Each structure stands twice: as C-alpha cells, then as structure tokens.
Amino acid sequence: MHSPIKLLSIDFDGTLVSRVSEPVLDVQCMELIRELQRAGAVWAINTGRSVDLLESGLADFAFPISPDFILTTERDVFRPGQNGDKWEPFGDWNERCARNHAELFSSANSVLAEVVDFVSQKTKARLIYDGERLEGLVAENDEEMQRIIEFIERARTEHPNLDYQRNTARLLKVPRENIFASGDHHNDISMLDGKVAAMPSCPANAIQEVQDAVRNAGGYIAHKDHGAGVHEALLHFASANPLKR
C-alpha cells in the first residue's frame, strides 16, 4: 500500500470506539489501520484516559491490533516496552511535560484559585484532582462547560500559557503533510485545526464545534459514525495517493 499517511493520531472513546451502538469497533477500519501499519505508518491512540484505563479498554473491546504509541491524559506519550506487555515513556517528553506543568501550575496559582472558586460557587461541575493538584473538571452539560470556559478565558489573560490541554506529534518528526488525525469532542480540537495535522477528520457523530474546526482546516467530515467514519476518512485521504496493493 502506498499512502501519504505516515502518522495516525486517533481519539479513542466516541471516535474509534462506539459506546452507544453496535458494532463497538468497525472491522474495516481496524483492517485498514493494520494495512497502513504494515506499510510503515505509525498509529497512535490519543486519549484522555490514563494508561490503565486505556489498557482496560483495549482488552474489553478486544482490539485486534495494537497501537504503536499511546498518548494518555491528553499529554503523556508511551510506547510498548521491550517485553511487549508494558508501556514505557517515549523519550523524556513525559518528564519534561510534568516539570513544565508543575512550574506552570505554581506560577498560575492565583488564576487556578479563581477558577476553583468560580466552579465551586457558581456551577454544579465536579473538580478532579491528582493528589492536591487540579487535574480537570466535569460539567453537567455543554452550556455549563461553556460558561466555565468563558470564565477561564477571562481569568487567564495574565497567564496565556495556561491552557486546557496539550497535544503534539513532534517526537517522531513526522511532517505535518503526512499526519492524519481524527476526533469527536472538545478535547480533540487542538489536533484537528490543521496546525499539526494536514489531514484532520471527524466521524459524523462529532460535536458541531469539532466539525467546524475540521471544516475550517480543510479536513474531512465523514458521513458515518465512530470507527466507520474514521475508515471513511482514511480512505478519503489515502486516495490522494491511490492505494496500490
């Protein structure tokens, strides 16, 4: 197979995996990813799950193939260990990321305190902590989350480096033109705006904001949901350099 796709960065829940319909996994999508891997492409699952939760998901949904890399909690990068059954950090990215996050959180304590006060007093959202450090939050609905985001945007004007998540493909040095990305929700937008991936896409079940981001980046919005939509998008971009078997 000859294809311009050299790196696939694909969200897990709601994109590759359907939790609301059958089949959970699209067989054709899995087969095409396998074929792309055999042709030399690298497949990374990009998820908000932790390593343990992602491993559980891969087992629970009986994934027939394994990713080359996993990006967990929106930022940490892992590759298979030498024995094949454990994931290990890829390079020093995770260490540098943790250090930079600690420095950022320390310098932005006042902003984070404002956010915590707002969320606690003005919303019904649930704050999530990793030890004593704020890790995230879960809003009751999209409208509430939008109010929280608007507050954060105002509060972070003095700390522009404070953001919601961080995604990157720099460790592999894959050119932007050869990167395919697919996702369905807010946390995927930063990899679908065309800046790091020239082939952004989303399944039909993606929220409107994701579809808008993909459309604005000149990407592909599938007609099918979940994995079937990812398969559709992969075929669309692969056809830019017709598949040869």
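A quick note: this is a predicted structure, and the numbers were derived from the prediction, not measured.

**Student:** Looking at this structure, how should I read helix α7 (residues 226-238)?
**Tutor:** Helical geometry: 3.6 residues make up each α-helical turn, so side chains three or four residues apart lie on a common side. The terminal C-alpha atoms of α7, which comprises 13 residues, lie 18 Å apart, in line with the 18 Å expected from a rise of 1.5 Å per residue. The element α7 is largely enclosed, with a buried count of ten among its 13 residues. Among the residues of α7, those classed as buried are His226, Gly227, Gly229, Val230, His231, Glu232, Ala233, Leu234, Phe237 and Ala238. Those residues of α7 hidden inside the fold are in contact with β1 (7-11), α1 (27-38), β8 (179-182), β9 (199-202) and β10 (220-221).

**Student:** Which parts of the structure should I look at to understand the nonpolar core?
**Tutor:** Taken as a class, soluble globular proteins show a tendency for nonpolar side chains to be buried jointly. Ranked by internal contacts, the top residues of the largest apolar core, which has 32 residues, are Leu8, Leu16, Ile33, Trp43, Phe63, Phe180 and Leu234. Among the elements that take part in this core, α1 stands out by supplying five residues, more than any other. If we ignore the near neighbours within four places in the chain, the residues touching Phe63 are Phe12, Leu16, Val17, Leu25, Met30, Trp43, Gly57 and Leu58. Among the nonpolar cores identified, the runner-up in size contains 20 residues, and Ala44, Leu71, Trp93 and Ala197 belong to it.

**Student:** How should the sheet that holds β8 be read in this particular structure?
**Tutor:** Within a sheet, adjacent strands bond to each other through the backbone by hydrogen bonds, running parallel or antiparallel. Pairing is mixed in the open sheet, where eight strands are placed in the order β5-β4-β3-β2-β1-β8-β9-β10. Two strands bound the open sheet, and with one partner strand each, they are β5 (87-89) and β10. Bridge count for β9 against β10 is two bridges, and the pairing is parallel. Bridged to Ser201 within β10 is Tyr220. Against the sheet, helix α2 (residues 51-60) contacts β2 (42-46), β3 (69-72), β4 (76-80) and β5, and its axis sits at roughly 130 degrees relative to β3. Against the sheet, α7 engages β1, β8, β9 and β10, with an angle of about 155 degrees to β8.

**Student:** Hey, could you run me through the environment of Tyr220 in this one?
**Tutor:** Note that Tyr220 resides in strand β10. Residues Tyr220 and Ser201, spaced 19 residues apart in sequence, show a C-alpha to C-alpha distance of 4.7 Å. In contact with Tyr220, not counting residues within four places along its chain, are Pro200, Ser201, Cys202, Val214, Glu232, Ala233, His236 and Phe237.

**Student:** Is there a simple way to think about the environment of Arg133 in this case?
**Tutor:** Tracing the backbone through its elements, the reader meets Arg133 in strand β7 (residues 133-138). Here Arg133 falls in the partly exposed class, since its relative accessible area comes to 25%. As a C-alpha pair, Arg133 and Phe105 span 28 residues in sequence and 8.3 Å in three-dimensional space. Excluding its chain neighbours within four sequence positions, the residues that come into contact with Arg133 are Arg75, Ala98, His101, Ala102, Phe105 and Ile128.

**Student:** How should I be thinking about the pairing of strand β6 (residues 126-130) in this particular structure?
**Tutor:** The side chains of a regular strand alternate, residue by residue, between the two faces of the sheet. By the bridge criterion, five bridges tie β6 to β7 in an arrangement that is antiparallel. Within β7, the position partnered with Leu127 by the bridge is Leu137. Hairpin connection, β6 to β7: the antiparallel pair is bridged by two residues, and Gly131 has positive phi, about 70 degrees.

**Student:** Help me understand the packing of aromatic side chains, please; the structure alone is not making it clear to me.
**Tutor:** Aromatic ring pairs are reported here in terms of the distance separating the ring centres and the angle at which the planes meet. Under the counting rule described, the total for this entry stands at five aromatic pairs. A ring pair is formed by Phe118 and Phe151, whose centres lie 4.2 Å apart and whose planes are at 5 degrees; its orientation type is stacked. With Phe118 in helix α4 (residues 109-122) and Phe151 in helix α5 (residues 142-155), this pair connects stretches of sequence that are 33 residues apart. Given the relative accessible area of 16%, Phe118 is considered buried. With relative accessibility at 16%, the residue Phe151 sits in the buried group. Seen from their ring centres, Phe180 and Phe237 are 6.0 Å apart, and the 75 degrees between their planes marks the pair as edge-to-face. Here Phe180, found in strand β8, pairs with Phe237, found in helix α7; they are 57 residues apart in sequence, far enough to count as distant. For the pair Phe180 and Phe237, one class covers both residues: buried. Clustering of aromatic rings is evident, with ring pairs tying together Phe12, Phe61 and Phe63.

**Student:** What am I meant to see in the confidence of the model for the chain here?
**Tutor:** As a general rule, the predicted coordinates of low-pLDDT regions are not to be interpreted in detail. With 92% of its residues at a pLDDT of 70 or more, the chain has an overall mean of 87. Taken as a whole, residues 165-169 scores under 50 in pLDDT and shows 17 contacts with residues more than four places along the chain or in a different chain.

Criteria and cut-off values
Residues numbered from 1 in each chain as written. Predicted model: local features only at pLDDT ≥ 70, side-chain atom pairs only at ≥ 80, totals over all residues. Heavy atoms only, no water. Helix = DSSP H or I, 4+ residues; strand = E, 2+ residues; numbered from the N terminus. Expected span 1.5 Å × (residues − 1). Buried < 20%, exposed > 50% of the residue type's maximum accessible area, 1.4 Å probe, protein only. Contact = heavy atoms within 4.5 Å. Core = buried A, V, L, I, M, F, W, Y, C linked by side-chain atoms within 4.5 Å. Pairing = 2+ DSSP bridges. Axes fitted to C-alpha atoms, helices over the stretch in contact; angles between N-to-C directions. Phe/Tyr/Trp six-rings, centres within 6.5 Å; stacked < 30°, edge-to-face > 60°. pLDDT = per-residue confidence, 0-100.

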